[in-house]
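Here are the chains, one letter per residue:
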Amino acid sequence: MTSRLPRKTAPIAVALMVVTMAMASQQPARAAADRVRLGNASDASRASWNGPAFTMNGAGGVVAASMTRAIDEIRGGTGGIDVVVLAGSAPTSGSRTPECDTVMGLTGVNSCTTWTLTTAGDANNSQVNADVRNAEFVYFAGGNQCGYAAWKGTALESSVESVVAKGGGSGGGSAGHHINSPLVYDACNGSVTSSEALANPYDRYISFTTGMFEWANYGGVVNDSHFVTRDRMGRTMAFLARAVKDGLVPGGAAWGVGVEEGGGSLFVDRNGTATPYGQDAYVVLADHRPEQAVDRKPLTYSGFKIWRLTPGATFDFKNRPTCGYYLRSVTNGVPDADLYNGTPVANCGSQGGSTLVESEPNDTRGTADDATTLASPGSVTGTMKSTSDRDYFKISLAAGRTATLNCAVPAAYDADVYLLDSAGGTLERSVDDGAGTDENLTFTRTASGTGTYYVDVEAYSGSGTATYTCTLTKS
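Residues numbered from 1 in each chain as written. Predicted model: local features only at pLDDT ≥ 70, side-chain atom pairs only at ≥ 80, totals over all residues. Heavy atoms only, no water.

J.: If you had to explain the packing of aromatic side chains to someone new, which residues and values would you point to?
T.: Overall, the coordinates contain 19 aromatic pairs when judged by the stated rule. Ring centres of Phe 140 and Phe 213 lie 5.8 Å apart, and the angle between their planes is 55°; this geometry places the pair in the tilted category. With Phe 140 in strand β5 (residues 137–140) and Phe 213 in the loop between β8 (208–210) and β9 (221–224), this residue pair connects regions lying 73 residues apart in the sequence. A single burial state applies to Phe 140 and to Phe 213, both of which are buried. In textbook terms, an aromatic cluster arises when at least three aromatic residues are bridged by ring pairs, as seen for Phe 54, Phe 140, Tyr 148, Trp 151, Phe 213 and Trp 215. In this structure, Arg 320 is placed above the aromatic ring of Trp 255, and the distance from its NZ or CZ to the ring centre is 4.9 Å. (Phe/Tyr/Trp six-rings, centres within 6.5 Å; stacked < 30°, edge-to-face > 60°. Helix = DSSP H or I, 4+ residues; strand = E, 2+ residues; numbered from the N terminus. Buried < 20%, exposed > 50% of the residue type's maximum accessible area, 1.4 Å probe, protein only. Lys NZ or Arg CZ within 6 Å of the ring centre and 35° of its normal.)

Okay, structure coming up:
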């Protein structure tokens, strides 16, 4: 049955309909996916490429030095490569292709194509995907990483992954840096500051996208940009605490990679070796659950491990170092002072030798001295500085291997020794009575793979400056 408007209201309704249609006809149509290609019209062609290579930039623009290295490594020093720039919006002024303008001035570039994609549906555009698949490097421009996260599960995600898989590369700046980590702070609910994130690590502005781009050797990472200038260390700490507590990363450890703006870029080669260009970069590790991370309460986390990487230094993401970091903590939402600089508590030059001397604070698993690269047999030494002192040492043990610990305790005090699993559970202990009584324990790993364990030396009675020595042998 057709309903009808009352006769007296019909002219008014018709007039409103006419006005509405006229207004609709004047609304700007959604911009279609826009393509601008510079350089050769034909794509470069060769049998194989030598990447992958990645550029992680602190701001949106291309950094010529790191991009040149990526181009050279991918092409093996010969021939040319094709680059595609993906942008979520067009520049508000100046050139329509600012990234490609820089790229085309670099040696070894055959072409550079800028695609401006304004909706998630554009990620399934056949021409976009053809250009990406034929390229050897994909650069995500600065802007809004939430828009990039919306491409998860689309044809474009697969196309970018195919570029890396064939030996090409990926990278980006600012939002483009964020999207290139396996755990993405997507900012879909808004941007969060460090003070907000530390005051509440479950702030509504904190949201993540997982399972998008997972590059080899770069697992468990969340990227952050404009790192020092916008004081983002605090929020990265909150992201990492959340990631560990909520199981957003494998293995109970989350890594933050912060890159500064002003020409800062972190280049990562196919072997996982990272090199900063232009500005400092930071790697931040959370390797245990936070002491407090709940909604509407401030964060408490002891012992974030921080590596400050100056231009020209290197960091091995494939074989991640267990030394060279400094420690910073957060207590009830208040971080330690001087977050961006510190004296390393573990000297890489002393690792792999025969003796590791304790460095306080090492009173928790999170602040344990790292003895994972200690030679076998090797020794860890320290003192029981008070009757409540506890010294932790982190060790690793492969499947089928046996760890034997023989501790010589001085006559000044009685110390007990425990071997703990990665969660802090006691596996073995030696608690012989008497000051100066030596302690000994043995443990064999029966599980597959390599496991992380902790040696816990505790003061039972007495204290002093005399040194204990625990000899660790792996057989």
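Resuming the write-up.
J.: So what's going on with the sheet that holds strand β3 (residues 81–87)? Which residues, and what values?
T.: Taken in spatial order, the 9 strands make up an open sheet running β1-β4-β3-β5-β6-β2-β11-β12-β15, and their pairing is mixed. Each edge of the open sheet carries a strand with a single partner, namely β1 (34–39) and β15 (315–316). (Pairing = 2+ DSSP bridges.)

J.: Tell me about helix α4 (residues 126–134), residues and numbers included.
T.: Side chains of residues three or four places apart in an α-helix project in the same direction, reflecting 3.6 residues per turn. Along α4, the residues that are buried comprise Val 128, Asn 129, Asp 131 and Val 132. Each buried residue of α4 sits inside an arc of 160° when the element is viewed along its axis, so together they form one side. Contacts made by the buried residues of α4 are with β1, β3, β4 (109–116), β5 and α6 (155–165). Two or three places before Gln 127, at the opening of α4, Asn 125 has a side-chain oxygen 2.8 Å from that residue's backbone nitrogen. (Arc of directions from axis to C-beta. Contact = heavy atoms within 4.5 Å. Polar contact = N/O pair within 3.5 Å; in protein donor to acceptor, adjacent residues only side chain to side chain.)

J.: Tell me about the sheet that holds strand β24 (residues 426–430), and name the residues and values.
T.: Reading across the sheet, the 5 strands line up as β19-β21-β26-β23-β24 and stay open at both edges, with mixed pairing between neighbours. Here the strands that pair on one side only, and so sit at the sheet edges, are β19 (369–370) and β24. Judged from the 9 bridges that link them, strand β21 (residues 390–398) and strand β26 (residues 450–462) form a sheet pairing that is antiparallel. Along β26, the bridge assignment pairs Arg 390 with Glu 458.

J.: Give a description of the state of the cysteines that names residues and reports values.
T.: Working definition: the covalent bond between the sulfur atoms of two cysteines is a disulfide. The final tally for this structure, using the stated rule, is 3 disulfides. With its sulfur 2.1 Å from that of its partner, Cys 407 forms a disulfide with Cys 470. With the S-S dihedral at roughly 115°, the linkage between Cys 407 and Cys 470 falls on the right-handed side. On the criterion of sequence distance, the pair formed by Cys 407 in strand β22 (residues 402–408) and Cys 470 in strand β27 (residues 468–474) is long-range, its members being 63 residues apart. In this pair, the class of Cys 407 matches that of Cys 470, namely buried. (Disulfide = S-S within 2.5 Å.)

J.: Pulling in residues and values, what's your account of unusual backbone geometry?
T.: Note: most peptide bonds trans; most residues except glycine with negative phi. Residue Pro 52 follows Gly 51 across a cis peptide bond; omega there is 10°. Counting through the fold element by element, Pro 52 comes out in the loop between β1 and β2 (53–57). In this chain, Glu 360 is followed by Pro 361 through a cis amide linkage whose omega measures 0°. With respect to the element layout, Pro 361 can be found in the loop between β18 (355–357) and β19. Backbone geometry places His 226, a non-glycine residue, at a positive phi of 45°. Considering the arrangement of structural elements, one finds His 226 in the loop between β9 and α9 (233–245). The class of His 226 is buried, set by a relative accessible area of 8%.

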